[in-house]
Amino acid sequence: MASAAGVGDKYRSFLHGDGEKKTMWRNGAPPNYDLVNKLFEEERTNEWPEGSLEEKVQRLLKSWEMEMVHKARPEDQKSVVRSDNYSASTNGLKPLTRKELMAIGGYNAFLATTLPPEHRIYDPDKESVESATSTFLTAFPRGFAIEVLDVYSGPPRIAFKFRHWGYMEGPFKGHPPHGQRVEFFGVCIFHVDEEMKVAKVEYFYERGNFLAGFLSASASATTAPASGCPVMRGN
């Protein structure tokens with residue numbers, strides 16, 4: 001996640017250069033990842049050697065996430081295959097097509113849930129692409145860093161463990177900022193072609209624990225005191 005204008009990025013492809021001159025950006029300009037890159041460099045677990053499988057997968061992950069969130073047209077997304085066969089799913093839910101993903105946005109797709117509406121800290125069914133982006137930009141002014149922790153298998157089916165984190169220094173859905181780190185860990189599978197373009201994505205992570213991290217101490221105590229609370233479960 002990033003702020004609104006950019007001058008270059010050493011961890012992501014397809015963000016600047018001649019190939020992006022005609023790219024249509026959701027916010028009118030390429031995003032700026034300077035703040036989140038600083039956070040990433042200060043707190044990352046590993047500094048992968050350039051050219052290693054881990055570094056290549058991490059770059060693909062960051063580039064893919066950037067394109068899914070910030071590029072407005074499918075034809076501008078260069079980290080994924082051109083065909084209509086592209087799909088992405090979260091926690092075993094129904095895979096979404098490229099058209100469906102573009103309509104709801106990356107954040108809402110990633111936070112898809114089967115929880116009843118009354119138990120949702122964040123309800124992706126009620127959010128637009130714009131409101132979702134604004135919500136997380138506000139909560140994480142320094143951005144939402146992501147890193148690859150382990151790569152379990154190489155292409156064409158890349159399985160890896162990742163970590164996503166940021167500091168809640170802004171409000172989130174009526175919950176005041178607490179300034180603490182909000183993070184989660186997960187596993188992802190990228191199905192890629194011979195050019196390392198993503199054809200299928202499968203994400204698995206504990207959604208409830210991630211969103212519970214936005215609750216203040218008092219809200220957490222009143223909202224989710226019991227281990228059986230559905231908000232504290234993944235879906």
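The structure this text deals with has already been given above.
These numbers come from a predicted model, not from an experiment.

K.L.:
Where do I start with the sheet that holds strand β1 (residues 87-90) in this structure?
P.N.:
The pairing of strands in a sheet comes from backbone hydrogen bonds and takes either a parallel or an antiparallel form. If you walk across this open sheet you meet the six strands as β2-β1-β6-β5-β4-β3, and the pairing is mixed. In the strand order of this sheet, the two ends are held by β2 (96-97) and β3 (145-153), each with one partner. One ladder, built from seven bridges, connects β3 with strand β4 (residues 157-167); its direction is antiparallel. Along β4, the bridge assignment pairs D150 with K161. Packed on one face of the sheet, helix α1 (residues 34-43) meets β3, β4 and β5 (181-192) and runs near 105° to β4.

K.L.:
Could you clarify how one ought to interpret the nonpolar core in this entry?
P.N.:
A general tendency of soluble globular proteins is for nonpolar side chains to be buried together. Grouped together as the largest cluster of nonpolar side chains are 45 residues, with contacts concentrated most on W64, Y86, F160, F190, F210 and F214. Counting only elements with at least two residues in this core, the list comes to α2 (53-70), α4 (106-110), α5 (129-139), β3, β4, β5, β6 (198-205) and α6 (207-212). F160 has contacts with V57, L61, V148, D150, V151, Y152, G186, V187, C188 and F190, leaving out every residue within four places of it along the chain. In terms of nonpolar packing, the next biggest core, distinct from the first, is built from eleven residues, L15, Y33, A145 and W165 among them.

K.L.:
It is not clear to me how unusual backbone geometry should be interpreted in this structure. Could you clarify?
P.N.:
With glycine set apart, most residues show a phi of negative sign, and most peptide bonds adopt trans. Residue P156 is bonded to the preceding P155 through a cis peptide linkage, with omega at 15°. Within the secondary structure, P156 is located in the loop between β3 and β4. Positioned with a positive phi, K173 is a non-glycine residue whose angle comes to about 50°. By the secondary structure assignment, K173 is in the loop between β4 and β5. Take K173: its relative accessible area is 39%, and that puts it in the partly exposed class.

K.L.:
When you look at a nonpolar patch on the surface in this model, what are you seeing that I'm missing?
P.N.:
Side chains of Y152, V187 and F204 sit close together on the surface and give an oily, nonpolar patch of about 270 Å² of accessible area. One can find Y152 in strand β3.

K.L.:
It is not clear to me how the pattern of salt bridges should be interpreted in this structure. Could you clarify?
P.N.:
Pairing between side chains of opposite charge can happen when their charged atoms approach one another. Tallied over the full model, the rule gives 20 salt bridges. Each of the salt bridges in this network shares a partner with another, and the network as a whole consists of E43, E147, R163, R181 and E183.

K.L.:
Sorry, what's going on with the packing of aromatic side chains here?
P.N.:
Given two aromatic rings, their pairing is described by the distance between the two centres and the angle made by the two planes. Evaluated as defined, the whole model comprises 22 aromatic pairs. Each ring, one from F110 and one from F184, has its centre 5.7 Å from the other, and the planes form 35°; the classification is tilted. Note that F110 is positioned in helix α4 and F184 in strand β5, a separation of 74 residues in sequence. In this structure, F110 and F184 share a single accessibility class: buried. Looking at R12, its charged tip hangs above the ring of Y33, at a distance of 3.7 Å from the centre. Geometry around W165 places R163 over its ring, the cationic atom sitting 3.7 Å from the centre.

Cut-off values and rules
Residues numbered from 1 in each chain as written. Predicted model: local features only at pLDDT ≥ 70, side-chain atom pairs only at ≥ 80, totals over all residues. Heavy atoms only, no water. Pairing = 2+ DSSP bridges. Helix = DSSP H or I, 4+ residues; strand = E, 2+ residues; numbered from the N terminus. Contact = heavy atoms within 4.5 Å. Axes fitted to C-alpha atoms, helices over the stretch in contact; angles between N-to-C directions. Core = buried A, V, L, I, M, F, W, Y, C linked by side-chain atoms within 4.5 Å. Buried < 20%, exposed > 50% of the residue type's maximum accessible area, 1.4 Å probe, protein only. Patch = residues over 30% accessible without salt bridge, like charges linked within 9 Å, V, L, I, M, F, W, Y side chains within 5 Å. Areas by Shrake-Rupley, 256 points an atom, 1.4 Å probe, with all protein chains shown as cover. Salt bridge = Lys/Arg side-chain N within 4 Å of Asp/Glu carboxyl O. Phe/Tyr/Trp six-rings, centres within 6.5 Å; stacked < 30°, edge-to-face > 60°. Lys NZ or Arg CZ within 6 Å of the ring centre and 35° of its normal.

Remember, this is a structural readout, not a statement about activity or role.
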